[in-house]
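Chain by chain, the residues:
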Amino acid sequence: MTTENAPLTVDVIRSLPKVVLHDHLDGGLRPATILELAADVGHQLPAGDAEALGAWFAEAADSGSLVRYLETFDHTIAVMQTPAALARVAREAVLDLARDGVVYAEQRWAPEQHLQRGLTLQETVDAVQSGIEQGVAEAAAEGRTIRVGQLVTAMRHADRWQEIAELAVANRANGVVGFDIAGAEDGFPPSRHAEIWRYLADRNFPVTIHAGEAAGPESIAEAVHLGQASRIGHGVRIVEDITFDAEHPHRFPHSAEGESGTAALGLLAHWVRDHQIPLELCPSSNVQTGAATSVAAHPITRLKELDFAVTLNTDNRLMSRTTMTQEMALLVEHAGWTIDDLADVTMNAAWSAFVHHDERRALVDDVILPGYQEVQGAQL
Ligand SMILES: [Zn+2]
């Protein structure tokens, strides 16, 4: 049977194997779960049913007010203060990702934000890990194979970086695959506690750093050079170190020779591209926070055409009301992405996962390539 150019429908996209490297555990709860957990602990919520609560989160995140955006996390974190709640949220996140076609995920979260009811840092990590393992087992029972690692995050303003870095390293055999810093980027650079990057490097521990979202290229430079980050969380503002041809203000044509004469890279942009440092880009989230004006105009397409190591991510599925399938579908609909583009960013993410090279190769050869080739074959 010959197949006409099969359209990239949402169902086709959902069936593709996906990799997500930047997804916050406290930004991905199901609204119905928040309601139940809040009732358990007597936490007051701004809405009383799942539909209205989901809308409230999206509107608050969309409001353009940083205060309102941060308020959304007060509610999710407030209901994630017991081992059972942490485990449930982690378990459901794994199931939701697996049902969306995600085959490898890293879930990031900040243990220090989950001590309000007396848990120790170690108890929070153990609870999340048990939830992840339950979710992976339940997904397997549904016939879905997913692998999930924890990324342990230190909050930039809280100055517990060393303690959290030690927690991450101590849990290397307990599901923690990397370390991150998050929160107020501007004013709290990696140099605030420069010694922890050496501590982590000496232990060969993987690092990704939120940079180039709320602050500019100087923040990316510190993350890469001082933080020795293997990946950059967001990194979207690397475009400020690139001068684009005015004739192509929004995107580049899908052609191999598209770069020549259309963009001039600064030294930092060259460094990031030369070293193929993966950028964990999150289009919908960036539109909400104002780091990009629209998905159509999001720099992810230009950066991809310029051959940066682009990966596609969700950031906060609850606040952005999104999924990996939706992020892909938006780029197909509004930025002209093809199945080959989706395959590229998925491969980049798989090769950047915080697992060892042989495990990345198995993920690529056994799962990702066959999954995309099936659809790519139908598109010939
Ligand atoms: Zn993030």
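Residues numbered from 1 in each chain as written. Predicted model: local features only at pLDDT ≥ 70, side-chain atom pairs only at ≥ 80, totals over all residues. Heavy atoms only, no water.

## Observations regarding the side chain of His298
Right, on to step 1. Structurally, His298 can be placed in the loop between helix H11 (283-289) and helix H12 (299-305).
Right, on to step 2. The residues touching His298, leaving out its near neighbours within four places in the chain, are Val236, Leu281, Cys282, Pro283, Asn286 and Ala292. (Helix = DSSP H or I, 4+ residues; strand = E, 2+ residues; numbered from the N terminus. Contact = heavy atoms within 4.5 Å.)

## Section: the pairing of strand S2 (residues 102-109)
Right, on to step 1. Burial analysis of S2 places eight of its eight residues in the buried class, which makes it a mostly covered element.
Right, on to step 2. As defined by bridge partners, strand S1 (residues 18-24) adjoins S2 across five bridges and the pair is classed as parallel. Directly across from His24, in S2, lies its bridge partner Arg108.
Right, on to step 3. One ladder, built from six bridges, connects S2 with strand S3 (residues 147-155); its direction is parallel. The residue bridging Tyr104 from the neighbouring strand is Arg147, located in S3.
Right, on to step 4. Handedness of the β-α-β unit built from S2, helix H6 (residues 121-141) and S3 comes out right-handed. (Buried < 20%, exposed > 50% of the residue type's maximum accessible area, 1.4 Å probe, protein only. Pairing = 2+ DSSP bridges. Right-handed = clockwise from strand over helix to strand, strands pointing away.)

## Comments concerning the coordination of the zinc ion
Right, on to step 1. Only His22 (NE2), His24 (NE2), His210 (NE2) and Asp315 (OD) from the protein coordinate the zinc ion, and they sit 2.1 to 2.6 Å from it.
Right, on to step 2. Classification of the site at the zinc ion as irregular follows from its four donor atoms and the range of 84 to 172° in their angles at the metal.
Right, on to step 3. One chain supplies every donor for the zinc ion, spaced along it as H-x1-H-x185-H-x104-D. Linking His24 in strand S1 with His210 in strand S5 (residues 208-211), this pair joins segments that are 186 residues apart in sequence. (Donors = N, O, S within 2.8 Å, 3.2 Å for Na, K, Ca; no water. Tetrahedral: all angles 85-135°; square planar, octahedral: opposite > 155°, others 65-115°.)

## A word on the sheet that holds S3
Right, on to step 1. Reading across the sheet, the four strands line up as S1-S2-S3-S4 and stay open at both edges, with parallel pairing between neighbours. One side of each edge strand has no neighbouring strand; the edge strands of this open sheet are S1 and strand S4 (176-182). Shown here is a sheet whose adjacent strand axes are inclined to one another by a mean of 20°, direction ignored.
Right, on to step 2. Strand direction decides the pairing type here: S3 and S4, joined by six bridges, are parallel. Bridge pairing in S4 places Met155 opposite Ala182.
Right, on to step 3. Sheet strands touched by H6: S2, S3 and S4. Its angle to S3, the strand with the most contacts, is close to 155°. (Axes fitted to C-alpha atoms, helices over the stretch in contact; angles between N-to-C directions.)

## A closer look at the pairing of S4
Right, on to step 1. For S4, the buried fraction is high: seven of the seven residues fall into the buried class.
Right, on to step 2. In this view, the connection linking S3 to its parallel neighbour S4 by way of helix H7 (residues 161-170) has right-handed handedness.

## Notes on the packing of helix H14 (residues 339-352) against helix H15 (residues 357-378)
Right, on to step 1. Packing of H14 against H15 brings their axes to within 9 Å, and their N-to-C directions diverge by 170°. Taken as axis vectors, H14 and H15 run roughly antiparallel relative to one another. Contacts between H14 and H15 pair Ile339, Asp340, Leu342, Ala343, Thr346, Met347, Ala350, Trp351 and Ser352 from the former with His357, Arg360, Arg361, Leu363, Val364, Ile368, Leu369, Tyr372, Val375 and Gln376 from the latter.
Right, on to step 2. Here the residues of the contact of H14 with H15 are counted per class, giving twelve nonpolar, four polar and three charged. (Parallel < 35°, antiparallel > 145°, perpendicular 65-115°, else oblique. Nonpolar A, V, L, I, M, F, W, Y, C, P; charged D, E, K, R; others polar.)

## Some points on the packing of aromatic side chains
Right, on to step 1. If you walk through the whole model with that rule in mind, you get four aromatic pairs.
Right, on to step 2. Through successive ring pairs, a cluster of aromatic residues spans Trp161, Phe179 and Trp197.
Right, on to step 3. For Arg302, the ring lying beneath its charged end belongs to Phe244, and the centroid distance is 4.8 Å.
Right, on to step 4. If you follow Lys304 out to its NZ or CZ, it ends over the ring of Trp337, 5.9 Å from the centre. (Phe/Tyr/Trp six-rings, centres within 6.5 Å; stacked < 30°, edge-to-face > 60°. Lys NZ or Arg CZ within 6 Å of the ring centre and 35° of its normal.)

## Quick notes on helix H8 (residues 195-202)
Right, on to step 1. Within H8, burial applies to Ile196, Trp197, Tyr199 and Leu200. Angular distribution of buried residues about the axis of H8 spans 160°; they occupy a single face of the element.
Right, on to step 2. The elements touched by buried residues of H8 are H7, S4, S5 and helix H9 (217-226).
Right, on to step 3. Two residues or fewer after H8 comes Asn204, characterised by a positive phi angle close to 50°. (Arc of directions from axis to C-beta.)

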